[in-house]
Amino acid sequence: MTPHFWARLAVYFILIVIAVPTFFIWRWLFKKFVRADNTNKIATWVATIVTTPLIYVGILLILLVNVGNHPSYKFDKEKWVSDRENRYKLSKDIIGSKMLIGKTKSEVRQLLGNEDNTDESDYWTYYLGLRPGFAIIDPDVLDIQFEDGKVTKVGQHET
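Predicted, not measured: the structure shown is a model, and the values here were computed from it. (Residues numbered from 1 in each chain as written. Predicted model: local features only at pLDDT ≥ 70, side-chain atom pairs only at ≥ 80, totals over all residues. Heavy atoms only, no water.)

1. Things to note about the nonpolar core
Item 1. In terms of nonpolar packing, the biggest core is built from 17 residues, with W80, L100, V108, L112, L142 and I144 touching the most fellow members.
Item 2. Only α4 (88-97), α5 (105-112), β1 (123-129), β2 (140-147) and β3 (150-158) provide two or more residues apiece to this core.
Item 3. Not counting chain neighbours up to four residues away, the residues in contact with V108 comprise L100, K103, G113, W124, Y126, I144, F146 and V151. (Core = buried A, V, L, I, M, F, W, Y, C linked by side-chain atoms within 4.5 Å. Buried < 20%, exposed > 50% of the residue type's maximum accessible area, 1.4 Å probe, protein only. Helix = DSSP H or I, 4+ residues; strand = E, 2+ residues; numbered from the N terminus. Contact = heavy atoms within 4.5 Å.)

Structure follows, in structure tokens:
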């Protein structure tokens, strides 16, 4: 059996898990506010069939929004050096505070480390790790651009 089969099966299972409590909530609501028994049954089934996929999509959207959000922290040299895979959490502060703008190559190297960047190059990169998010498969990189030996631009991109 293919992975697609299992993914489809999982979706159906999730829909059933959502539909069962949804059905009972609608049944309770219709029994409380609609007196006709036949109308209750039809309305309960229709409401369940309509709202279950909407609830499923709503849950997916909430999960996607939350997965894309990741915490950011003030730059800490110890965290930068010790935890390469989570540097993306510090990059927002590096870029936003413009702390590197105007620094020399040796000052940047002292702060962020060498990471195979040479003095001859006016474009340095630093590995930031894989930031969490939907369909993100490549790590992010901090880009530092120098002009006349000083930082003029700092950015970030996915490789």
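2. Notes on the sheet that holds β3
Item 1. Taken together, the 3 strands give an open sheet; going across it, the order is β1-β2-β3, and neighbouring strands pair in antiparallel fashion. In this open sheet, the two edge strands, each paired with only one partner strand, are β1 and β3. In this sheet, neighbouring strand axes are inclined to one another by 20° on average, regardless of whether the strands run parallel or antiparallel.
Item 2. Bridge count for β2 against β3 is 8 bridges, and the pairing is antiparallel. Bridge assignment links D143 to a residue of β3, and that residue is G155.
Item 3. Lying over the sheet, α4 contacts β1, β2 and β3, oriented at roughly 140° with respect to β3.
Item 4. Across the sheet, α5 is in contact with β1, β2 and β3; its angle to β1 comes to roughly 15°. (Pairing = 2+ DSSP bridges. Axes fitted to C-alpha atoms, helices over the stretch in contact; angles between N-to-C directions.)

3. A short note on the side chain of T48
Item 1. Positionally, T48 belongs in helix α2 (residues 37-68).
Item 2. Under the relative-accessibility criterion, T48 is labelled buried at 5%.
Item 3. Apart from the residues within four sequence positions on either side, T48 is in contact with A19, T22, F23, W26 and P53.

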